[in-house]
Amino acid sequence: TKWCYSFRQGEAEGGAALGDVLGSKGAGLAEMARLGLPVPPGFTISSDACRYFHAHSGQMPPGLTEAVDAALAKLAADAGHAFGDPKWPLLVAVRPSGRVSTPGLMGTALNIGLNDQTVTALASTCGDEVFAYDCYRRLVELFCCVALDHEHYEFEEALDKHKEAKGYVRDAELSAADWREVLGIYFEIGKGRFPQDPREQLWAAIRAAFLSWHSPRAQAYRALHDIAEDIGAAVVVQAMVFGNIGGESGAGVAFSRNPATGARELFGEFLPNAQGDDVTSGLRTPWPIRESAIGGKPAAGSLEASLPKAFTELDRCAGCVERHYRDMQNMEFTVEAGRLWMLQTKSGRRTTTAALKIAIDMANEGLIDREAALNRIEPASLDQLLHPTIDPSDRPLVLASGLPASPGAACGEIVFSNRDAESSAALGRKAILVRIETSPDDIAGMHAAEGVLTARGGMTSHAAVVARGMGKPCVTAATGLRIDYEDQSFTVGGRRFVKGDVITVDGSSGKVMAGAVRMLRPALTGEFATLMDWADRVRRLRVRANAETPSDARAALKFGAEGIGLARTEHMFFEGERIVAVREMILADNAAGRRAALAKLLPMQREDFKELFEIMAGLPVTIRLLDPPLHEFLPKTDAELASVAKALGADAAKLNKRAQELAESNPMLGFRGVRLAVAFPEIVDMQARAIFEAAIEAAIETGRATHVEIMVPLVFAKAELDLVKARVEATAKAVELETGIASRYRIGAMIELPRAALLAGEIARSAEFLSFGTNDLTQTTLGISRDDAGAFLRSYVAKGVLPTDPFVTLDVAGVGELIALGCERARQARPDITLGVCGEHGGDPDSIAFFDRIGVDYVSCSPFRAPIARLAAAQTAL
Ligand code: ADP
Ligand code: MG
Ligand code: MG
């Protein structure tokens, strides 16, 4: 076995292809070395050694000692002096290197090789005693922490005490004598266990790195991120370079492009006279790398201005690694006496905005192709771009943190009730609805408000789910928020806010802030538009939106939906005065009574549909006939009953009896969907007439033919569909006779029951399209009511019974099988049938991949998810 892989500027053994063996740090160093970049020489101990170590109860593999000795000898030749040399000691860094960076892995130990004797040798060769002791105290602290289970705070406290006693503020004020004194205390903290022998130091650090692979934190992290347990950590042993050797030196981090905006500019920070993680520790304020990045604020300096040669070299190296990896790189570097050394490179984390800009720019620069650019963006992350965001340059007062339940930021006056939210909206003022938690009664208030804040509830609470559906920013479970409805106020962190005070909620971060925070509007232009355009060119799957209100329909168009795949007509039934007419219709005891009530609804429905058709201007609009259980429309209070009785001119007691007859114990599987149409065909007549008349009017007004699809919900038999179809056809004829205009439309069925999926071939003989309603189909296939699943579904996922929440990502094995089978049988019966999917799954990237695979024609999702679906559809087509 090869245990050690050497590298030095200009050449290296192994590289990116050996990622598992060298870990990402070791592989990155090898690549940079081979590119000829300035990398201090060193070698990487293979992760195989770590694996062997754990498989043999903590024994180092045979041959490793010899291999390390040989690598050290090579390193001595490259560096010009040897590890352990008492006169001019070579110091090394011992750096654990996992396949991905893993919290819980051992930290890096620097300056290994120093002891009481070599520290004086280092002081005299460098002519800098303070520097030598600074290195030594860092080694003792790091070694005790990585190899002897001490914690950094023990050392920090000791140092602070010493500084206080001496009246020092900065570490730089300590003399060599001070450091010697501090070191004495450090040795005591380490209980005299710090080894003086350099080799002992080295091997203890290597052993600690191996051991840390199985630390509980590292294991938990790997479990969470699906990282294989058995890879093991590689360990880089590398010659030290010193950023703490005076003013021409320092340590820094850099990004080859701006990780916040994606701008093509070297970006990062540099801390003069520093070593290791000083730059990120917040000890002192680092300099920006570039002069221009200082902006308006005065800064002490910049790498560009103070060390221009090192800056130019860094710029060159950054460009070089970025071109090599064809991705934005995050680098660590050190400048020693004006000379740049590269210590690490990896793909940099970035905001979604930056990810988008970088992907598009790199494709335009020819660094990657368009397909790669499309694949670089996580579809779900687009969500962040579709809502207003907090302007990062504003620094607001954060009042509380909660769960980021629904993305986007909103500000407005505090209101505590639906009524106040609605009256604010009516006056054109922006409101934030603040509730302890929300219930279905709050929907109107949530609609009227700009954003929602609740004191309780999780990511799947009512507020969270409804807000996400509406695309409204929402923060739930805000810690420390105490709401007093009586007093119309809340307190948080000792401050009191009353109705009318202005706050800002950021549903992307979960923060609640005082006042109106500056915001950035979502830009659906520029790179976003380009990415969407590229996605649209490659995808096969069409994307429609679920929308029934004019504002949803407009949003659907804005987000690139190619039609409406589901317009729920009952939403129109609950509004304002309409509900009384709906109740009249339900409670009437004969068809004539129902017709009279339906006649009142007809003009309202017609107006609704007409507006939808006009907005969609020729794109398909799929209207689902009345679906919800009658039960939901029944009057619940005496007052509601009385108002229906008055409208009907009927006896309240008699009505009440009828309402009780219609009450259901399991409405979800009860009198709903096509069953309503079969029992009360008058409803179909009214809805069909409203649709056709609206379509004709809209076509006349817009000059474009309307594309009408009528969808029948919850069928399980062709015969049901045929009954409805006959009524729709008759109505179409009637309207044609009256207007002289023939209606063009398609009729189809929604597949939401296992029996419907099994009989899809049969149903397809009467249906021109089928749309799989995956929410209900999941409920009916698994026999799980979504509203009641909260109590047990999490343990099902935690215990591995189900891989994920089947209401979020389609249960491919079960529900997916039914859909695939339904599609196949439907296509056999009617080859040109259109097959769609509506429901939450239509906007879920994983589910979309499956729908594409089985040849579904379109998915329909909430308007805000349309861009996500478009990108996901493109990625699955690549
Ligand atoms: P991490 O995994 O935490 O990033 P690193 O191994 O990158 O750990 O080490 C952390 C820091 O230690 C580096 O950013 C660098 O500043 C410093 N460092 C690592 N190796 C060396 C070295 N050979 N010479 C000088 N400093 C080093
Ligand atoms: Mg670090
Ligand atoms: Mg690092």
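Everything below is about the structure shown above.
Note that the coordinates shown come from a computational prediction; the quantities given were computed from them, not determined experimentally.

A.B. asks: Any chance you could explain the overall build of the protein chain here in plain terms?
C.D. replies: A tally of helices and strands in the protein chain yields 33 helices and 32 strands. Based on the C-alpha atoms only, the size of the protein chain along its principal axes is roughly 110 × 65 × 50 Å. A total of 878 residues make up the protein chain; the buried ones form 50% of that total. Taking the intrachain contacts of the protein chain between residues at least 6 apart in sequence as the baseline, contacts between residues at least 24 apart amount to 67%.

A.B. asks: Which parts of the structure should I look at to understand the site of ligand 1?
C.D. replies: Near ligand 1 there are 17 residues, and of these Ala93, Arg95, Thr108, Gly276 and Glu332 occur at the shortest range. At the level of elements, strand 4 (92–97), strand 10 (329–336) and strand 11 (339–347) are the ones that each hand at least two residues to the shell around ligand 1. When we break the shell around ligand 1 down by domain, the ones giving at least three residues each are domain 1 (4–239) and domain 2 (250–350).

A.B. asks: Would you explain the packing of helix 32 (residues 845–853) against helix 33 (residues 866–877) in this entry?
C.D. replies: To describe two helices that pack against each other, one gives the angle between their axes and the distance between the axes. Two numbers describe how helix 32 lies on helix 33: the axes approach to 9 Å, and their chain directions differ by 50°. As summarised for this structure, helix 32 and helix 33 are arranged oblique, according to the angle between their axes. Between helix 32 and helix 33 lies a crossing whose hand is right-handed. Contact residues: helix 32 offers Pro845, Ile848, Ala849 and Asp852, while helix 33 offers Ile868, Ala869, Ala872, Ala873, Thr876 and Ala877. Class assignment of the residues belonging to the contact of helix 32 with helix 33 gives a composition of eight nonpolar, one polar and one charged.

A.B. asks: Just checking my understanding: could you explain the packing of helix 29 (residues 774–782) against helix 31 (residues 812–829) for this structure?
C.D. replies: The interhelical angle for the contact between helix 29 and helix 31, taken along N-to-C directions, is 115°, at an axis separation of 10 Å. For the pair helix 29 and helix 31, the crossing hand works out as right-handed. On helix 31, the residues touching Thr774, Leu777, Thr778, Thr781 and Leu782 of helix 29 are Gly814, Val815 and Leu818. In terms of residue class, the contact of helix 29 with helix 31 is made up of four nonpolar, four polar and no charged.

Rules used in this analysis
Within each chain, residues carry numbers counting from 1 in the order of the written sequence. The order in which chains are written sets their letters, starting at A; the order in which ligands are written sets their numbers, starting at 1. The model is predicted, so local features are restricted to residues of pLDDT at least 70 and side-chain atom pairs to those at 80 or more, both for listing and for counting; the totals for chains, interfaces and linings are taken over all residues. Each helix is a run of DSSP H or I of at least 4 residues and each strand a run of E of at least 2, with the numbering of both proceeding from the N terminus. Residues are called buried when their C-beta atom has 20 or more other C-beta atoms within 10 Å, exposed when it has 12 or fewer, and partly exposed otherwise; all C-beta atoms are positioned from the backbone. By the convention adopted here, residues make contact when the C-beta atoms placed from their backbones lie within 7 Å. Being near a molecule or strand means, for a residue, that its C-beta atom, positioned from the backbone, comes within 6 Å of it. Where each domain starts and ends follows an automatic or database-derived domain assignment. The axes are straight lines fitted to the C-alpha atoms, using for helices just the contacting stretch, and the angles between their N-to-C directions are given from 0 to 180°. Working definition: roughly parallel below 35 degrees, roughly antiparallel above 145 degrees, roughly perpendicular at 65 to 115 degrees, and oblique for all remaining angles. Note on convention: near helix rotated counterclockwise from far helix by under a right angle means a left-handed crossing. Clockwise means right-handed. Throughout, the ten residues Ala, Val, Leu, Ile, Met, Phe, Trp, Tyr, Cys and Pro are labelled nonpolar, Asp, Glu, Lys and Arg are labelled charged, and all others, Gly among them, are labelled polar.

Shape descriptors only; they carry no functional weight alone.
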